[in-house]
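# A structural walkthrough
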Amino acid sequence: MVVVEEMAKVCGITGRIVVEGNMGALGILMRYGSEALKRRYASWVLAGDKPVIAISEPEAGSDATAMQTTAVKENGEWVLNGSKSWITGGGVSRLNLVFAKLVEDGAGKGIGALAVELGQPGFEVGRRAYMMGLRGIPETELHFNNCRVPEENLIARGFGKLMAAYNAQRVGAGTVALGIAQGAYEAALAHARERKQFGRPIAEFQGLRWMLADARIRLDGARLLLHRAASEVDPVSGFPDRELAAIAKVAASETAIAVTNDALQIHGARGYSRDYPLERMARDARMFTIGGGTAQTLRNVIADAITGQRVSQRREG
Ligand SMILES: Cc1cc2nc3c(=O)[nH]c(=O)nc-3n(C[C@H](O)[C@H](O)[C@H](O)COP(=O)(O)OP(=O)(O)OC[C@H]3O[C@@H](n4cnc5c(N)ncnc54)[C@H](O)[C@@H]3O)c2cc1C
């Protein structure tokens, strides 16, 4: 996390490459995959080829369990049909962890994750969506049309169990958001000390001093919550605790939006200009309350935990 924060201070997407590839998809593979799958795919990852994790669909975002992609077992193979959307690294990563509804002997058997290789017949990479920020990795559609996957490529079954690995990704994504915010804060602080208007450094104006103080409060809070979530591992899943990861990601992602926005303001026209990195940081930061569980669905997770009433079901995709 310390390394990812440092990377993201300068380049959010570089931090995200580490997090996206390693925390979610790789976590699932290493925790639940067979020895044979780990042996085959871990070597790809170690060679720098990050896996993608494909859960979301056009009609199933926060409500991830409404997914329509199916994997039907036929003659010792899984036959995949359906489409995924917004998949980070789609078309770039060779290894694709695809979530699908399993069907065996005509009966639904819950959600499972399958390892699907790029270039497999029946697997097509669709349109790339051009996003507001974080453009260094593509977000694409993935289409499966009678794509046949060997039986042993089913990594694990059970949506709750698979989503436990996502708690690690949420802590990782929060750390990228924190790094982007820390980078913007440091730039704003340096600028506020240096830039003079009305004969004094703008850091002397109370309106800006309070922005900087608020940024410091938010950053310290988010970092402490992230480090707590990373260190308190759920003994059953081996991944970070669901509630603590949700708290940390909401805090860090909302911190990133607020701090990059204020840092841009402190830079005046320079902040709004593409000659400086602030506008990129603000665009990059905007993603983190959406991808990997929105701030609203994560609040539902937190509310479930604190009230003991599970209203949000298991649908925080
Ligand atoms: C840059 C980026 C990268 C992504 N990468 C991936 C990826 O690699 N793999 C993948 O599978 N997915 C990926 N996603 C998709 C992401 O997981 C979804 O965007 C997210 O789950 C939200 O789904 P949605 O966009 O369909 O929004 P919706 O679910 O349609 O939500 C729309 C709005 O309604 C709110 N809302 C929904 N349900 C509730 C509720 N119960 N209570 C209160 N508010 C609610 C949401 O918070 C949101 O504000 C990515 C998204 C982005 C932006």
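Above this text sits the structure in question.
The following refers to the structure shown. (Residues numbered from 1 in each chain as written. Predicted model: local features only at pLDDT ≥ 70, side-chain atom pairs only at ≥ 80, totals over all residues. Heavy atoms only, no water.)

## Observations regarding the pairing of strand β4 (residues 95–104)
Convention followed: Each residue gets one of three labels from its accessible area relative to the maximum for its type: buried under 20%, exposed over 50%, partly exposed in between, using a 1.4 Å probe on protein chains only. Numbering goes from the N terminus for both helices and strands, where a helix is a DSSP run of H or I of at least four residues and a strand is a run of E of at least two. Any two strands with at least two DSSP bridges between them are considered paired.
Within β4, eight of the ten residues are buried, which leaves it mostly tucked inside the rest of the structure. Sheet topology note: the strand β1 (residues 52–54)/β4 ladder contains three bridges and is parallel. Its bridge partner lying in β4, Ala 54 is registered against Val 98. Bridge analysis of strand β2 (residues 70–74) against β4 gives three bridges, and the strand direction is parallel. Bridge pairing in β4 links Ala 71 to Leu 102. With nine bridges joining them, β4 and strand β5 (residues 107–117) adopt antiparallel strand pairing. When the sheet's bridge partners are listed, Val 98 is paired in β5 with Leu 114. Between β4 and β5, which pair antiparallel and follow one another directly, the connecting turn spans two residues, one of which, Asp 105, has a positive phi of 50°.

## Some remarks on the site of the ligand
Counted only if it meets this: Near is defined per residue: the residue qualifies when any heavy atom it owns lies within 4 Å of the molecule or strand. Whenever a nitrogen or oxygen atom comes within 3.5 Å of another N or O atom, the pair is scored as a polar contact, on the condition that within protein one atom can donate a hydrogen and the other can accept it, and that pairs from neighbouring residues in sequence are kept only if both atoms are in side chains. Per-residue and other accessible areas follow the Shrake-Rupley method at a 1.4 Å probe size, with only the shown protein chains counted as cover for residues. A cavity here means a set of 1 Å grid points, computed over protein atoms only, where a 1.4 Å probe fits but cannot escape. A pocket is an open set with protein on both sides within 12 Å along at least 5 of 7 lines, and lining residues have an atom within 4 Å of a point. A molecule is counted as occupying a cavity or pocket when more than half of its atoms fall within 2 Å of that pocket's grid points. Bear in mind that the domain bounds are from an automatic or database domain assignment.
In the region of the ligand, 20 residues are neighbours, and Ser 56, Ser 62, Thr 88, Thr 294 and Gln 296 sit closest. One nitrogen or oxygen atom from the side chain of Thr 88 is found 2.8 Å from a nitrogen atom belonging to the ligand. Relative to its unbound accessible surface of 980 Å², the ligand loses 67% to contact with the protein. Under a 2 Å grid-point criterion requiring more than half of the atoms, the pocket assigned to the ligand is the largest pocket. Elements supplying a minimum of two residues to the shell around the ligand: β1, β3 (77–88) and α9 (295–307). Residue contributions to the shell around the ligand peak at three residues, all from β3. Lining the shell around the ligand are residues from two domains, each supplying at least three of them: domain 1 (22–157) and domain 2 (160–307).

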